[in-house]
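What follows is the residue order along each chain.
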Amino acid sequence: AVVCMRIVFRSVLLSLEKTRIIFESTIIGILADVVLSFILIPIAGIVGAALGRVAMNLLIFGYMGYRVNEICGLHIDREAAKNSLIGSLAMALVISILEYLWMSRFLLPLYVVAGGLTYLFMLRTLRAVNMEDIVLIKKILPKQLNGLVKILADFIYVSDKKNREFR
């Protein structure tokens with residue numbers, strides 16, 4: 001979610017010709033990555049490097065979001081952001097458990113499928129998908145994928161029994 005929103009913020013800033021802000025956020029993020037990696041790699045190895053990268057992404061996201069908010073106001077669908085975060089955390093937990101139990105580079109496809117299914121299950125559990133989302137997905141994807149959209153909709157959409165127009 002953070003990386004995707006960072007791309008949106010970057011696009012907004014580029015369209016407003018605010019490349020200096022992009023430069024500033026990148027410098028701040030890289031400095032944080034270097035400092036944290038320097039501190040954490042001797043202690044935690046590759047995990048320390050990963051944490052430095054996480055800090056970099058969070059700082060770039062936060063700084064760009066702060067500046068976009070200053071320039072043109074920022075309106076975030078908090079419910080969607082919350083659901084995305086919960087789904088992502090559940091997905092990360094499942095993948096971490098699988099990797100802890102059966103670590104193998106040959107199981108990467110299993111991790112991807114398990115993570116994707118967990119995220120979809122969380123969308124359903126949190127009732128994060130509404131009919132408008134499904135209609136939008138159907139409009140965006142080619143008509144050849146309508147069958148896949150229907151299967152996906154049946155899996156993640158919890159009907160309130162008043163809106164089934166896409167069927």
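Here we summarise the structure given alongside this text. Quick caveat, the model's predicted, so the values are computed rather than measured.

### Structural notes on helix α5 (residues 108-125)
Relative to the 26 Å expected for 18 residues at 1.5 Å per residue, α5 spans 25 Å between its end C-alpha atoms, a close match to the ideal helical length. For α5, the complete set of buried residues consists of Y111, A114, G115, T118, M122 and L123. In this structure, the buried residues of α5 make contact with α4 (78-101) and α7 (146-156). Where α5 ends, the next residue or the one after it, R127, has phi of about 50°, a positive value.

### Digging into the pattern of salt bridges
A full pass over the atoms with the stated rule returns 5 salt bridges. Across the salt bridge formed by E70 and R67, the nearest N and O atoms sit 3.0 Å from each other. Taken together, the residues span about one helical turn, with E70 and R67 both in helix α3 (residues 46-72) at a distance of 3 residues. The network of salt bridges with common partners includes R20, E24, R67 and E70.

### Thoughts on the side chain of S37
You can see S37 is positioned in helix α2 (residues 19-44). Within the local environment of S37, its side chain forms a polar contact with the backbone oxygen of D33, the two atoms lying 2.8 Å apart.

About the criteria used
Residues numbered from 1 in each chain as written. Predicted model: local features only at pLDDT ≥ 70, side-chain atom pairs only at ≥ 80, totals over all residues. Heavy atoms only, no water. Helix = DSSP H or I, 4+ residues; strand = E, 2+ residues; numbered from the N terminus. Expected span 1.5 Å × (residues − 1). Buried < 20%, exposed > 50% of the residue type's maximum accessible area, 1.4 Å probe, protein only. Contact = heavy atoms within 4.5 Å. Salt bridge = Lys/Arg side-chain N within 4 Å of Asp/Glu carboxyl O. Polar contact = N/O pair within 3.5 Å; in protein donor to acceptor, adjacent residues only side chain to side chain.

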